[in-house]
Amino acid sequence: MKILVCITHVPDTTSKIQFTDNNTKFDKNGVQFIIGPYDDYALARAVELKEQLGASLTVLNVGEAETEPTLRKALAIGADDAIRVNSFPKDSLFVAKQIAAIARQNNYDLILMGRESIDFNGGMVHGMVGELLGLPSVSPVMKLEIEGEKVKMAREIEGGKEDVEATLPLIAGCQEPIAEWKIPNMRGIMSARTKPLVVVEPTSDNVATDVFSFVLPPAKGAVKLVDKDNVGELVRLLKNEAKVL
Amino acid sequence: MSVLVYIEHAEGSVKKTSLEAISYAKALSEKLSSGDVIAVALGSISSDELAKAGTAGASKVLHVNDSKLTEGIIQAHAEAVAQVYKKVNATTLVLAKSSLGDAVASRLAIKLDAGLVSNVVELPDTSSGYKVKRSIYTGKAFAETQVNTEHKILAVRKNAVDLKTDGGSAAVEEVLLDIAPENFATKITSTDKATGEILLPEADIVVSGGRGMKGPENWGMIEELAHELGAATGCSKPVSDIGWRPHHEHVGQTGVKVAPTLYIAVGISGAIQHLAGVNSSKYIVVINKDPEAPFFKAADYGIVGDAFEILPKLTEAVKAQK
Ligand SMILES: Cc1cc2nc3c(=O)[nH]c(=O)nc-3n(C[C@H](O)[C@H](O)[C@H](O)COP(=O)(O)OP(=O)(O)OC[C@H]3O[C@@H](n4cnc5c(N)ncnc54)[C@H](O)[C@@H]3O)c2cc1C
Ligand SMILES: Nc1ncnc2c1ncn2[C@@H]1O[C@H](COP(=O)(O)O)[C@@H](O)[C@H]1O
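Residues numbered from 1 in each chain as written. Chains lettered and ligands numbered in written order. Predicted model: local features only at pLDDT ≥ 70, side-chain atom pairs only at ≥ 80, totals over all residues. Heavy atoms only, no water.

Caption draft 1: How the structure looks around the interface of chain A and chain B. Listed per partner, the contact involves 77 residues of chain A and 83 residues of chain B. Counting each side, the surface lost to burial between chain A and chain B is near 6800 Å², with a carbon and sulfur contribution of 58%. Together, Glu 131, Glu 158 and Lys 220 of chain A form the three largest contributors to the area buried by chain A at its contact with chain B, with a combined 10%. Applying the counting rule to chain A against chain B returns seven salt bridges. Between Asp 229 of chain A and Lys 313 of chain B there is a salt bridge whose closest N-O contact spans 3.9 Å. Our count for the contact surface shared by chain A and chain B stands at 40 residue pairs in polar contact (both at pLDDT 80 or more). If you list the elements that add at least two residues to the side of chain A that touches chain B, you get helix H1 (37-53), helix H4 (125-133), strand S9 (137-147), strand S10 (150-157), strand S11 (160-167), strand S14 (209-215), strand S15 (224-225) and helix H6 (231-241) of chain A. Broken down by element, the residue count for the side of chain A that touches chain B peaks at eight residues, all from H6 of chain A. Of the residues assigned to the side of chain A that touches chain B, the class counts are 41 nonpolar, 17 polar and 19 charged. (Contact = heavy atoms within 4.5 Å. Buried area = accessible area lost by both parts, 1.4 Å probe. Salt bridge = Lys/Arg side-chain N within 4 Å of Asp/Glu carboxyl O. Polar contact = N/O pair within 3.5 Å; in protein donor to acceptor, adjacent residues only side chain to side chain. Helix = DSSP H or I, 4+ residues; strand = E, 2+ residues; numbered from the N terminus. Nonpolar A, V, L, I, M, F, W, Y, C, P; charged D, E, K, R; others polar.)

Caption draft 2: Seen up close, the pattern of salt bridges. All names here are of chain B. All chains considered together, the criterion is met by 37 salt bridges over all chains. A salt bridge links Glu 20 to Lys 158, with the nearest nitrogen and oxygen atoms 3.1 Å apart. With Glu 20 in helix H1 (residues 16-32) and Lys 158 in the loop between strand S10 (152-156) and strand S11 (171-174), this pair connects stretches of sequence that are 138 residues apart. For the pair formed by Glu 20 and Lys 158, the shared burial category is buried. (Buried < 20%, exposed > 50% of the residue type's maximum accessible area, 1.4 Å probe, protein only.)

Caption draft 3: The arrangement of the domain arrangement of chain B in detail. Residue and element names in this part refer to chain B. Partitioning chain B into domains gives domain 1 (3-184) and domain 2 (200-321). Contact between domain 1 and domain 2 buries roughly 980 Å² in total, counting both sides, with carbon and sulfur atoms accounting for 43%. The three residues of domain 1 that bury the most area against domain 2 are Thr 138, Lys 158 and Asn 159, which together make up 50% of that side's buried surface. Where Lys 16 meets Asp 204, a salt bridge forms, and the shortest distance between an N and an O atom there is 2.4 Å. (Domains from an automatic or database assignment.)

Caption draft 4: Layout of a nonpolar patch on the surface. Residues and elements named next belong to chain A. A contiguous nonpolar surface patch, about 290 Å² in accessible area, is contributed by Met 186, Ile 189 and Met 190. Considering the arrangement of structural elements, one finds Met 186 in helix H5 (residues 186-192). The exposure class of Met 186 is exposed, given its relative accessible area of 56%. (Patch = residues over 30% accessible without salt bridge, like charges linked within 9 Å, V, L, I, M, F, W, Y side chains within 5 Å. Areas by Shrake-Rupley, 256 points an atom, 1.4 Å probe, with all protein chains shown as cover.)

Caption draft 5: View of the packing of helix H3 (residues 74-87) of chain B against helix H4 (residues 99-111) of chain B. All names here are of chain B. Two numbers describe how H3 lies on H4: the axes approach to 9 Å, and their chain directions differ by 55°. With respect to H4, the element H3 is oriented oblique. Remark: the crossing between H3 and H4 carries right-handed chirality. In this structure, H3 contributes Ile 74, Gln 75, His 77, Ala 78, Glu 79, Val 81, Ala 82 and Lys 86 to the contact, and H4 contributes Leu 100, Ala 103, Val 104, Arg 107, Leu 108 and Lys 111. (Axes fitted to C-alpha atoms, helices over the stretch in contact; angles between N-to-C directions. Parallel < 35°, antiparallel > 145°, perpendicular 65-115°, else oblique. Left-handed = near helix turned anticlockwise from the far one by under 90°.)

Caption draft 6: Layout of the packing of helix H3 (residues 92-106) of chain A against H4 of chain A. Residues and elements named next belong to chain A. The interhelical angle for the contact between H3 and H4, taken along N-to-C directions, is 50°, at an axis separation of 9 Å. Classified by the interaxial angle, the pair formed by H3 and H4 is oblique. Note that H3 runs across H4; the crossing there is right-handed. Residues Ser 92, Leu 93, Val 95, Ala 96, Lys 97, Ile 99, Ala 100, Ala 103 and Arg 104 of H3 form the contact with H4, whose own contacting residues are Val 125, Met 128, Val 129, Leu 132 and Leu 133.

Caption draft 7: Expanded view of the packing of aromatic side chains. One pass over the structure, following the stated rule, counts nine aromatic pairs over all chains. Ring centres 6.3 Å apart and planes at 55° place the aromatic pair Phe 19 of chain A and Tyr 137 of chain B in the tilted group. With Phe 19 of chain A in strand S3 (residues 19-20) and Tyr 137 of chain B in the loop between strand S8 (131-136) and strand S9 (141-147), the pair connects residues from two separate chains. An identical accessibility class is assigned to Phe 19 of chain A and Tyr 137 of chain B; each is buried. The ring of Tyr 108 of chain A has Lys 2 of chain A sitting right over it, with the charged end atom 5.6 Å from the ring centre. Over the face of the ring belonging to Tyr 130 of chain B we find Lys 152 of chain B, whose NZ or CZ atom lies 4.4 Å from the ring centre. (Phe/Tyr/Trp six-rings, centres within 6.5 Å; stacked < 30°, edge-to-face > 60°. Lys NZ or Arg CZ within 6 Å of the ring centre and 35° of its normal.)

Caption draft 8: Region of interest: the sheet that holds strand S6 (residues 56-63) of chain A. Across the sheet, which stays open at both edges, the ten strands sit in the order S13(A)-S7(A)-S6(A)-S1(A)-S8(A)-S12(A)-S9(A)-S10(A)-S11(A)-S12(B) with mixed pairing between neighbours. A strand with exactly one partner marks an edge of an open sheet, and here the two such strands are strand S13 (197-200) of chain A together with strand S12 (187-193) of chain B. Each neighbouring strand pair of the sheet contributes to a mean axis angle of 25°, computed without reference to strand direction. Here S11 of chain A pairs with S12 of chain B via six bridges, running antiparallel. Counted as the bridge partner of Val 164 of chain A is Ile 188 of chain B from S12 of chain B. (Pairing = 2+ DSSP bridges.)

Caption draft 9: Examining the site of ligand 1 more closely. Residues in close proximity to ligand 1 total 28 residues, the closest being Arg 211, Ser 236, Ser 269, Gln 273 and Asn 288 of chain B. Nearby residues place ligand 1 at the junction of chains A and B. The protein chains hide 80% of the 990 Å² of surface that ligand 1 would expose on its own. Every element with two or more residues in the shell around ligand 1 is listed here: helix H6 (237-241), helix H7 (272-275) and helix H8 (307-321) of chain B. Across the shell around ligand 1, the residue classes tally to seven nonpolar, 15 polar and six charged. (Near = heavy atom within 4 Å.)

Caption draft 10: Structural detail: the site of ligand 2. Residues and elements named next belong to chain A. The environment of ligand 2 is formed by 19 residues, the closest being Cys 6, Asp 39, Ser 117, Gly 123 and Met 124. Within the backbone of Ile 7, an N or O atom sits 3.4 Å from a nitrogen atom of ligand 2. At 3.1 Å from an oxygen atom of ligand 2 is found a main-chain nitrogen or oxygen belonging to Gly 122. Burial of ligand 2 by the surrounding chains reaches 95%, relative to a free accessible area of 480 Å². Per-element tally for the shell around ligand 2: the top contributor is S6, with three residues. Across the shell around ligand 2, the residue classes tally to ten nonpolar, seven polar and two charged.

In structure tokens form, the structure reads like this:
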């Protein structure tokens, strides 16, 4: 059994988002980068499956050299080896093509991703990879159990969930509560240093979209406070000023 | 030439977010002269209901009335929509962002060789090229995105355009498709879903409670206010983590991202991860006993005070204004 987990290298969830170079580049100044929170759930579930089924576990990132500490962290959490496709992740299609190319060479039984990246929030890469490989893709998955060739999942839908069954090979976009995030221990951190991290060059595929420039939302004005003994005033404001009632 | 809209339905009705997607497509087609707006609906649903897509701007609805497609099997839906897209010679596919929509759109991007933009918040700017504004960093910023491909897929976020209600009735035509069995490789074995409720991701008004509500036994107050407002209920992450509320109600960075016209947050501190799910709301009201709660900085209106005193009064005041 071979498992691949695709991880993003993204700004920590508390980061202040700013841009430089005339709003064309993300400002990394003072920003801490982490494994995408949803990717972390995928990785945590993969580590559990690896222990349960004796699987091998590879992590993959499409990114420049700066993402290697994030890949090392995934190795410390429990992946056996890592692959970095050496390119800025230009758009979801580009990333999906890189992942599909690696997957074609290695025949993974299960490819886990996050439901979405928290930088561009597309929630698109898993479906694209599924279509490129001709495999089913299921997302967002909140439970995933493997019984032989069979995979039993729970998928979140608006207002609830549905149970989904499929067979391997399969791609899933994960979210909580699929597993608890795993924190690397000292032994994991030590062994991660010597685990293989392979760097490969991207296939020269074009992109479908380009980011032209970034825009920040307009600053919020000051809050209008209403006295707690005059709650009716809030309703009047919502009705007459905001016109939302 | 035409714009195709993939619409979803639940409990016998077309989803409101899908009607918004149709309104978006109509505005797009008027702006760029891209021809008729045609909607495609999959699975069992009445023709009368589908004809209502016309009010939002569709001239025609193609109905693939195959009961195997009533459930949202991702691959099968993608294959069906791709076939219809080619049949009607569409150049653009529009759909509402949703759990199923995202999954289907990403597969269609490959099938149709189309540039896909998700979280679209405005009509494209075509003054030079084809630029689409989309929300990124969980609502903390926007990216002006150039689409280079001939075919385009736009997954539209709630409130990107106003819902159009003045269109006519759409012609409904049944279409037969041949969808290969391998597209049904995943099976939905059971569905567990709230019925009759206003669903959080689609709601115009959301009333959300945090840890300040102290316990699940106090949620009646949240529900009563929501009921008076015709709102959906939401919560913060710890509230769903402890099991006071179901997971699908949790709003934020790791939960549902909402974009209602009004978001009312009660007893929620306003951590950055929670704000990430709500900062696309048009108006935010915060009720919190702590005047220093960070949520007030993101709010339009606020009341400093005890939720347990304020909520019943607010519900009464809403009733009174009707
Ligand atoms: C990676 C990551 C992702 C996360 N994702 C999310 C997410 O998606 N969504 C999310 O919500 N959180 C998320 N969190 C958690 C987030 O950081 C906060 O811990 C959480 O939002 C706090 O929830 P809360 O405001 O309900 O509780 P608290 O922070 O405990 O705040 C309770 C508030 O209630 C007020 N209060 C208490 N009693 C009353 C009363 N009687 N009347 C009125 N007000 C009262 C208090 O003043 C306080 O402001 C995430 C955290 C991490 C690390
Ligand atoms: N640059 C990348 N490298 C590796 N995996 C990625 C990359 N970008 C996205 N993914 C994977 O695809 C998932 C969905 O991403 P997205 O479609 O960008 O929201 C993420 O949670 C990751 O698992």
